[in-house]
Amino acid sequence: MSVLSKALFLMGMTTAVMADNYAVIVAGSNSYMNYRHQADACHAYQILSKGGVPKENIILMMYDDIAENSENPFKGKIFNKPSTGPGVDVYAGCDADYTKEEVTPDNFLAVLTGDSVKTKGKKVLKSKSGDNVFINFADHGGVGIIAFPNGQLLHADDLQTTLKTMHSKNMYKELVFYMEACESGSMFENFPTDLNMYITTAANAQESSWGTYCPPQDVVDGKSLNTCLGDLYSVNWMQNADNTDLTKESLQTQFERVKALTNKSHVQQFGTMSMTSDMTSNFEGTGKTGNKTETVKPESHVDSRDISLVTLYNRYLNGGGSVAAAALIEEIEQREMADKRFESIQKEVIGNDRREAATTHRECYKPAHQAVVAACGPYTDYSLKHSKTIAYLCDVTGGDYATIELAAKKTC
């Protein structure tokens, strides 16, 4: 080998060593009803850190109100699957960088673009052009929106703009994004295919994602946690990662396995499809942790929109008394109120007609959602289902969000 060849070879080795892996993990909800999102996030954190992604390169955002929650029968612990024994505590060593009121859409976008000024000096991505980035988000969503704690929303246009900014700033070599949310496919419609970004979502643009390990399958060491322990899509990709040599499994193979197991919604792919031949270990860690875990088949699933209702109903059945009954009745009444409210908004805009939209008008979704929230208050876990109504009204009115705003003000 010539001197020049040796030099080039060593330069290539240096570049390979300098390349690194980074990750951003977000649980976008709070409250014990949404236990599963923080369980998903902590499980993802464990997979990446045990798989060799440096902890200093992982940024975790979660409200952190589950482990010590008064409703949690296992104080200081969180489980992402049931077990007949003591179970696998995914909270141990799950170190969140952003908690409580810090878990916001603005902070999430600032983290992705490396803007530590906006995060007031808190940890942000410092990845470079030779690095791989993995993003995982789990929470509620709607058409063109995903949710954060306290009713805050992140709109599809803003997320897509931020991802394009990451590309323009050369913040990665390749990027993979896994999103767990209802209607999550709507966040990436018309997404570019030339940004070296590969994305999968738990659902298409018009359907719910599903919680799993729900009552009565929510038992660890003989105790019911009275909540869903995970989300079906998330549990499926993470159980795959737990028990697979990811250095030998491509992104496409993982996708096909997860898609086949996620039988309550339609898992989607977006972005740069040529990346699907990449090994999953390039983003999720090697999978060679030496700690293969028992795979528990998810059997008890609940539509994400209905988990609060199911949880409250089970609480009542299990001896919750008048307090549990009152909470259940309140939940039912709030759901009925939301149904009537959005039905009224639709009637104000188009009457009793059911029109077919000639084209979609996504540019209308954000201002229309903002107008509805301003007039009627934040979306709830349940009322997010009616984001489809607002998107539909945008489409059938040719993007006339001002008319939708007037309807919302009149209704609410």
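Provided above is the structure to which this section pertains.
Small disclaimer: the values here were computed from a predicted structure and weren't measured.

Conventions used here
- Residues numbered from 1 in each chain as written.
- Predicted model: local features only at pLDDT ≥ 70, side-chain atom pairs only at ≥ 80, totals over all residues.
- Heavy atoms only, no water.
- Disulfide = S-S within 2.5 Å.
- Helix = DSSP H or I, 4+ residues; strand = E, 2+ residues; numbered from the N terminus.
- Buried < 20%, exposed > 50% of the residue type's maximum accessible area, 1.4 Å probe, protein only.
- Pairing = 2+ DSSP bridges.
- Expected span 1.5 Å × (residues − 1).
- Arc of directions from axis to C-beta.
- Contact = heavy atoms within 4.5 Å.
- Salt bridge = Lys/Arg side-chain N within 4 Å of Asp/Glu carboxyl O.

(A) Spatial organisation of the state of the cysteines. One pass over the full model with this rule turns up 4 disulfides. Note on cysteine connectivity: Cys42 is disulfide-linked to Cys94, with sulfurs 2.3 Å apart. Residues Cys42 and Cys94 are joined by a disulfide whose S-S torsion is about -90 degrees; by sign, that bridge is left-handed. Here Cys42, found in helix H2 (residues 35–50), pairs with Cys94, found in the loop between strand E2 (58–61) and helix H3 (105–113); they are 52 residues apart in sequence, far enough to count as distant. Since its relative accessible area comes to 0%, Cys42 is described here as buried. Here Cys94 falls in the buried class, since its relative accessible area comes to 6%.

(B) Region of interest: the sheet that holds strand E12 (residues 230–231). Spatial strand order, E12-E9-E14: 3 strands in an open sheet with antiparallel pairing. Of all the strands in the sheet, the pair left with one neighbour each is E12 and strand E14 (302–303). Two elements, strand E9 (residues 210–212) and E12, share 2 bridges in a ladder whose sense is antiparallel. Pairing of Gly211 across the sheet is with Asp231, part of E12.

(C) How the structure looks around helix H9 (residues 365–376). Between its terminal C-alpha atoms H9 stretches 16 Å, which fits the 16 Å expected from 12 residues at 1.5 Å a residue. Buried within H9 we find Tyr365, Ala368, His369, Ala371, Val372 and Cys376. Buried residues of H9, viewed axially, fall in a sector of 160 degrees; they line one side. Buried residues belonging to H9 abut strand E5 (145–147), strand E6 (153–155), helix H8 (307–350), helix H10 (387–396) and helix H11 (401–411).

(D) How the structure looks around the pattern of salt bridges. Under the defined criterion, the tally for this structure stands at 13 salt bridges. The residue Asp158 makes a salt bridge to Lys366 at a minimum N-O spacing of 2.8 Å. Within this pair, whereas Asp158 is found in helix H4 (residues 156–168), its partner Lys366 is found in helix H9, the two being separated by 208 residues in sequence. For Arg257, the salt bridge identified is with Glu249, shortest N-O distance 2.5 Å. By relative accessible area, which is 2% here, Glu249 ends up buried. In the salt-bridge network here, residues are joined through shared partners; they are Asp306, Glu331 and Arg335.

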